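Observations on chain architecture
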Amino acid sequence: MTRSATGYSTWRLIADQLRSEIVDGSFPPEVKLPTEGELADRFGVHRNTVRQSVAALAAEGLVATRQGSGTFVVPHPLLVHRISLRTRLSESGRPGATSHRPIAAEIVASPPHEVATRLRLDGRPALRVETVADVNGSTVARSTAWFDVALTPDLDIHLRQTRSITKALRAVGIDDYVRTWSAVSSRIANGTETEDMNLPAGSIVLVVRSVNTLVDRTPLQYTNTRFRADRVELDIDFDAFKDVGGH
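All figures in this text were calculated on a predicted structure; none of them were measured in a lab.

The next point concerns unusual backbone geometry. Not every positive phi belongs to a glycine, and D154 is a case in point at roughly 65°. With respect to the element layout, D154 can be found in the loop between strand 6 (138–148) and helix 5 (155–162). Positive phi is not limited to glycine here, since R217 has a value of about 75°. Following the sequence through the fold, R217 ends up in the loop between strand 8 (204–213) and strand 9 (219–228). Given a relative accessible area of 38%, R217 falls into the partly exposed group.

Relative to the elements of secondary structure, G70 occurs in strand 2 (residues 70–73). Judged by its relative accessible area of 23%, G70 is partly exposed. Sequence-wise, G70 and L33 are 37 residues apart; in three dimensions their C-alpha atoms are separated by 7.5 Å. Once you skip the residues sitting within four places of it in the chain, G70 turns out to touch K32, A64 and T65.

Okay, helix 3 (residues 47–59) next. Taking 1.5 Å per residue as the helical rise, helix 3 with its 13 residues ought to reach 18 Å, and the 18 Å between its terminal C-alpha atoms agrees with that figure. Considered for burial, the residues of helix 3 that qualify are T49, V50, S53, V54, A56 and L57. With its buried residues spanning 150° around the axis, helix 3 presents them on a single face. Elements in contact with the buried residues of helix 3: helix 1 (10–23), helix 2 (36–43), strand 1 (63–66) and strand 2. Immediately downstream of helix 3, the backbone of G61 shows phi near 80°, a positive value.

Conventions we followed
Residues numbered from 1 in each chain as written. Predicted model: local features only at pLDDT ≥ 70, side-chain atom pairs only at ≥ 80, totals over all residues. Heavy atoms only, no water. Helix = DSSP H or I, 4+ residues; strand = E, 2+ residues; numbered from the N terminus. Buried < 20%, exposed > 50% of the residue type's maximum accessible area, 1.4 Å probe, protein only. Contact = heavy atoms within 4.5 Å. Expected span 1.5 Å × (residues − 1). Arc of directions from axis to C-beta.

Shown next, in the form of structure tokens:
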């Protein structure tokens, strides 16, 4: 049997299962995976199918074969992203291991409906900023942030100079802002996300949509961030949102 009833290759299903067990700690770092024969018996498939699954995990950097010893789980980078009252993607992860960088910025005259609604633009343009987050050189998140141009004049210029959204906002006089709304979902990664984050076909991404406002609740920023589900943990501080009546 080489394909499931849905047409999804069996080796991919096995790779997905093993990947899940690696991520959730069932197979922690430095632990040796079961042999090809043991995995073949477990899943009821030929050893060649198992070999293809393990090769896919090796290509992702999750496992490595040691000659004469077997295949072992490789320590993999994990980004812990805390969603709280003052959420900053740049503050997620371990200092020195995590980097966040803008890769594009442009003013859009007619932003998407959800952006215009969340930011209460009333026909005004918005600045779109694309950023990526890397952990130990591996891209784990791609983010699209939108700003009300009327509130953030010349933000794109300061962003090119500072390479930091937080620093660019400070340059236009905005020192503080708070998270007032977040929604978390998941889906299959699209082609662009698969390429940007070096994902295997059929991988899941966590999607966090959010709104940051000024302290007086004026909408400032709408963001749509896609995280690698196998490399990111979302830490949600519900108490912080209760304090301000957010969601």
